[in-house]
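Each chain, written out:
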2 protein chains.
Amino acid sequence: MADKLPGSRRPGRGPRQAQEIYRVTLELLADGGYDGLTVEGVAARAGVNKTTIYRWWPDKDALLGAAIVQSALLRFDVPDTGSLRGDLSELVRRLVALMTGAASGVVVAALAAVASRPSLAWLAREFVTDRLAGERAVFERAVERGELSDSVDPELIVDLLAGAVWSRVMLRQSPVSDDFADQVVEVVLRGCADRG
Amino acid sequence: MADKLPGSRRPGRGPRQAQEIYRVTLELLADGGYDGLTVEGVAARAGVNKTTIYRWWPDKDALLGAAIVQSALLRFDVPDTGSLRGDLSELVRRLVALMTGAASGVVVAALAAVASRPSLAWLAREFVTDRLAGERAVFERAVERGELSDSVDPELIVDLLAGAVWSRVMLRQSPVSDDFADQVVEVVLRGCADRG
């Protein structure tokens, strides 16, 4: 598989049980919201000692930050299909799968926690910076292939695509048709204005 | 002002104090989440009798539904600037103002409640249907003016624009530049693919 995990460049940080601790952290967030999340609760459910968690993360926010940025549950591969259109369509399909799949409750809880607490704004920025670092390769390859002007802001394109998925899945809560990804990407690449 | 409130076609439904009851409902939702919202709490803070609320709305979900769809806090005028580009840019600016203004906590709480509870999916659909009914006029006028093919799906364009605002404001939590609206609309109208 030629795809790269956006975070796989990073050396793993955290104890051996890190992924299990992240999973439990996000589960508890999904179950009881930010207020229901405690380091004690994570330790108990993950079957590790509280001090193990505190050795790596000084407080609940640091743990939640690591879980949101590093958990495999919220990761998706960055596609490399050979064309900008193919890459963006595949990216939208993977976002739809993430938001409608088994981890969708976790995604909603993480988004809600981040969006509703100004004190977690750094976390939103870290998450987005991390993911964008992976996605940036899609745009760099497109510029190299001559498919995209280098004046185009990748952040803006990601906002449009990820936002459209969020609006359709989370807000409308309507089924996502098979051609949704292609339709969204067609508008972003070619525009919807009538040139006829 | 030539703008129309999307919901102003509707006859008002609810008691005299409806807007005050909606406001309190959304405030309590923002303060304590869905679980912290009770009809009793709304009645107490709004200074009305519990039976007044139950006369109009059979339960908490019906009240929350009415508040989200009917409250003036979550409304915004649909622009009519004379061009599709102008209308869409103004729509994006009004969404940014809604999501960054005084009611932003209420918006986040309402989105989180709707997104995290399958039992409130009807509410998301009702809200979106109501708002789209207002925004549809923007697209109909653009088709009449020859700016837009009638094969373009207005829902898709609204998903892209509203989603981009949400991603930038709620997820990145980065300041929204003055030209954000124009940049987003430029991509949606003309596309970002290099045609040079």
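Residues numbered from 1 in each chain as written. Chains lettered and ligands numbered in written order. Predicted model: local features only at pLDDT ≥ 70, side-chain atom pairs only at ≥ 80, totals over all residues. Heavy atoms only, no water.

The name that an unreviewed UniProt entry assigns to chain A is Transcriptional regulator, with the source organism given as Saccharomonospora glauca K62.

Asks: I'm lost on the relation of the copies chain A and chain B in this one. Help?
Replies: With an RMSD of 0.0 Å, chain A superimposes on chain B once it is rotated by 180° and translated 0.0 Å along the axis. The two molecules are tied by a two-fold rotation axis, judged by turn and shift. Interface residue correspondence from chain A to chain B reaches 100%, placing this contact among same-surface, isologous pairings. (Least-squares fit on C-alpha atoms with pLDDT ≥ 70 in both. Contact = heavy atoms within 4.5 Å.)

Asks: Explanation requested: the UniProt feature "DNA-binding region" (unreviewed entry) in chain A in the structure shown.
Replies: According to UniProt, the "DNA-binding region" (unreviewed entry) feature falls on residues 38–57 of chain A. For residues 38–57 of chain A, helix accounts for 75% and strand for 0%, while the C-alpha atoms at its two ends are 13 Å apart. (UniProt positions renumbered as here; feature names shortened; annotations may be inferred. Helix = DSSP H or I, 4+ residues; strand = E, 2+ residues; numbered from the N terminus.)

Asks: Is there a simple way to think about the pattern of salt bridges in this case?
Replies: The final tally for this structure, using the stated rule, is 34 salt bridges over all chains. A salt bridge links arginine 93 of chain B to glutamate 90 of chain B, with the nearest nitrogen and oxygen atoms 3.4 Å apart. Taken together, the positions of arginine 93 of chain B and glutamate 90 of chain B, both in helix H5 (residues 84–100) and three residues apart, correspond to about one turn of that helix. Look at arginine 93 of chain B and you get partly exposed, because its relative accessible area is 36%. Under the relative-accessibility criterion, glutamate 90 of chain B is labelled partly exposed at 22%. Here the residues in one salt-bridge network are Glu20, Arg23, Glu27, Asp31 and Arg45 of chain A, joined through shared partners. (Salt bridge = Lys/Arg side-chain N within 4 Å of Asp/Glu carboxyl O. Buried < 20%, exposed > 50% of the residue type's maximum accessible area, 1.4 Å probe, protein only.)

Asks: Any chance you could explain the domain arrangement of chain A here in plain terms?
Replies: Accessible area lost when the parts come together is the quantity often used to give the size of an interface. All names here are of chain A. Examined at the domain level, chain A breaks down into domain 1 (18–70) and domain 2 (78–190). Each partner contributes to the interface: domain 1 provides 11 residues, whereas domain 2 provides 15 residues. Both faces considered, domain 1 and domain 2 share a buried interface measuring about 1,000 Å² in area, 77% of it formed by carbon and sulfur atoms. Sorting the residues of domain 1 by area buried against domain 2 places Tyr34, Ile68 and Val69 first, and these three jointly supply 51% of that buried surface. Seen at the junction of domain 1 and domain 2, the total is zero salt bridges. For the pair domain 1 and domain 2, the number of links is one residue pair in polar contact (both at pLDDT 80 or more). Broken down by secondary-structure element, the contributors of at least two residues to the side of domain 1 that touches domain 2 are helix H1 (18–36) and helix H4 (60–70). (Domains from an automatic or database assignment. Buried area = accessible area lost by both parts, 1.4 Å probe. Polar contact = N/O pair within 3.5 Å; in protein donor to acceptor, adjacent residues only side chain to side chain.)

Asks: I tried to follow the interface of chain A and chain B on my own but got confused; where do I start?
Replies: Each partner contributes residues to the interface: chain A has 44 residues there, and chain B has 44 residues. Summing the contributions of chain A and of chain B, the shared interface buries around 4,100 Å²; its carbon and sulfur component is 63%. Together, Asp159, Arg172 and Cys192 of chain A form the three largest contributors to the area buried by chain A at its contact with chain B, with a combined 17%. Across the pair arginine 172 of chain A and glutamate 155 of chain B runs a salt bridge whose closest N-O atoms are separated by 3.7 Å. Taken together, the connections running from chain A to chain B amount to 16 residue pairs in polar contact (both at pLDDT 80 or more). Mapped onto the side of chain A that touches chain B, the elements with two or more residues apiece are helix H6 (104–116), helix H7 (121–144), helix H8 (154–172) and helix H9 (180–190) of chain A.

Asks: What is the right way to look at the UniProt feature "domain: HTH tetR-type" (unreviewed entry) in chain A in this model?
Replies: UniProt records the feature "domain: HTH tetR-type" (unreviewed entry) for residues 15–75 of chain A in the present numbering. Secondary structure content for residues 15–75 of chain A is 74% helix and 0% strand, while the C-alpha to C-alpha distance between its ends is 19 Å.

Asks: Would you mind showing me how to read the confidence of the model for chain A here?
Replies: Detailed reading of predicted coordinates is not advised where the pLDDT is low. Residues and elements named next belong to chain A. Mean pLDDT over chain A works out to 87, with 92% of the residues at or above the 70 mark. Put simply, H6 is where chain A has its lowest mean pLDDT, 80, and helix H2 (residues 39–46) is where it has its highest, 97. Here residues 1–11 is modelled with pLDDT under 50, and outside its nearest four sequence neighbours on either side it reaches 22 contacts, counting other chains as well. (pLDDT = per-residue confidence, 0-100.)

Asks: Teacher, can you tell me more about the layout of surface pockets here?
Replies: The rolling of a water-molecule-sized probe over the atoms marks out the regions of remaining empty space. Within this model, the largest pocket holds a volume of roughly 1,300 Å³. As for the largest pocket, its lining consists of 50 residues, and the residues nearest its centre are Ala112 and Ala113 of chain A together with Ala112, Ala113 and Ser116 of chain B. Looking at the lining of the largest pocket, the elements that each hand over two or more residues are H1, helix H5 (84–100), H6 and H8 of chain A together with helix H1 (18–36), H5, helix H6 (104–116) and helix H8 (154–172) of chain B. Among the residues making up the lining of the largest pocket, the classes are represented as 27 nonpolar, 17 polar and six charged. (1 Å grid on protein atoms, 1.4 Å probe; cavity = no way out; pocket = protein on both sides within 12 Å on 5 of 7 lines; lining within 4 Å. Points joined across faces, edges and corners; volume = space filled by probe spheres on them. Nonpolar A, V, L, I, M, F, W, Y, C, P; charged D, E, K, R; others polar.)

Asks: What should I look at first to understand the packing of aromatic side chains in this one?
Replies: Here the structure, examined in full by the defined rule, presents three aromatic pairs over all chains. Between tryptophan 166 of chain A and tryptophan 166 of chain B, the ring centres sit 4.2 Å apart and the planes meet at 0°, which makes this aromatic pair stacked. You can see tryptophan 166 of chain A sitting in helix H8 and its partner tryptophan 166 of chain B sitting in helix H8, one on each of two chains. The same class applies to tryptophan 166 of chain A as to tryptophan 166 of chain B, namely buried. It is lysine 60 of chain A that lies over the ring of tyrosine 34 of chain A; its NZ or CZ is 4.0 Å from the centre. (Phe/Tyr/Trp six-rings, centres within 6.5 Å; stacked < 30°, edge-to-face > 60°. Lys NZ or Arg CZ within 6 Å of the ring centre and 35° of its normal.)

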